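# Results of the structural survey
Single-letter residue listing:
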Amino acid sequence: GDVRFVPALPKRKRRAVARIGVSVLNKVFLFWGSDQIFWPKGTEWFGELADRQSSFEFYNPYSKNGGHPYLVGFVAGRDAEYLEKKYGNNPQKYKKQLTN
């Protein structure tokens, strides 16, 4: 439910809260075989902006997890809402969208 303040916050504070932009955040763990690594092993965070409907940010825990080949993909806000509507809770479709 909604958060309500009693007494109501002043208008300038309500506007500030509205601009915070907290929204949907999806975190997707993507696993590959050792021979399928296509990302830079030495880069911990990297982003992806492409000519498509959504953008992603990736965390690469490769150097911290014993060298296991997986990424943690983050997508937030309108992009996350778009993917939820398009793919629902189907991780294989998310993986395809993230890597194509």
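Here the structure is shown first, and the text comes after it.
Our subject in this report is the structure included herewith.

How each quantity is defined
Residues numbered from 1 in each chain as written. Predicted model: local features only at pLDDT ≥ 70, side-chain atom pairs only at ≥ 80, totals over all residues. Heavy atoms only, no water. Buried < 20%, exposed > 50% of the residue type's maximum accessible area, 1.4 Å probe, protein only. Helix = DSSP H or I, 4+ residues; strand = E, 2+ residues; numbered from the N terminus. Arc of directions from axis to C-beta. Salt bridge = Lys/Arg side-chain N within 4 Å of Asp/Glu carboxyl O. Polar contact = N/O pair within 3.5 Å; in protein donor to acceptor, adjacent residues only side chain to side chain. Contact = heavy atoms within 4.5 Å. Core = buried A, V, L, I, M, F, W, Y, C linked by side-chain atoms within 4.5 Å.

## Some points on helix H2 (residues 77-87)
Every buried residue belonging to H2 is among Gly77, Ala80, Leu83 and Tyr87, and all of these are buried. Considered in projection along H2, the buried side chains sweep an arc of 120° and stay on one side of the axis. Summarising the geometry of H2, the exposed residues directed more than 90 degrees from the buried face are Arg78 and Lys85. Positive phi appears at Gly88, one or two residues downstream of H2, with a value of about 60°.

## A short note on the pattern of salt bridges
Scanning the model with the defined rule gives one salt bridge in all. Close ionic contact of Glu44 with Lys64 constitutes a salt bridge, the shortest N to O distance being 3.4 Å. Linking Glu44 in the loop between strand S1 (25-31) and strand S2 (45-48) with Lys64 in the loop between strand S3 (56-59) and strand S4 (70-76), this pair joins segments that are 20 residues apart in sequence. Overall, Glu44 belongs to the partly exposed group, its relative accessible area being 33%. The class of Lys64 is exposed, set by a relative accessible area of 55%.

## Some words on the side chain of Asn60
By secondary structure assignment, the location of Asn60 is in the loop between S3 and S4. The exposure class assigned to Asn60 is buried, which follows from its relative accessible area of 2%. Of the polar contacts made by the side chain of Asn60, one reaches the backbone oxygen of Thr43; its length is 3.0 Å. Setting aside residues no more than four positions away along its own chain, Asn60 makes contact with Trp39, Pro40, Lys41, Thr43, Glu44, Phe46, Tyr70 and Leu71.

## Notes on unusual backbone geometry
The omega torsion across Val6 and Pro7 is 0°, close enough to zero to call that bond cis. Inspection of the secondary structure assignment puts Pro7 in the segment before helix H1 (11-19).

## Details of the environment of Asp35
Mapped onto the elements, Asp35 comes out in the loop between S1 and S2. Each C-alpha atom of the pair Asp35 and Pro69 lies 9.0 Å from the other, and the pair is 34 residues apart in sequence.

## As for the nonpolar core
With 12 residues, the main nonpolar core is built from Val28, Leu30, Trp32, Trp39, Phe46, Phe56, Phe58, Leu71, Val75, Ala80, Leu83 and Tyr87. Secondary structure elements with two or more residues in this core: S1, S3, S4 and H2. Of all the elements, H2 adds the most residues to this core, at three residues. In this structure Trp39 touches Trp32, Phe46, Asn60, Pro69, Tyr70 and Leu71, once residues within four positions along its chain are discounted.

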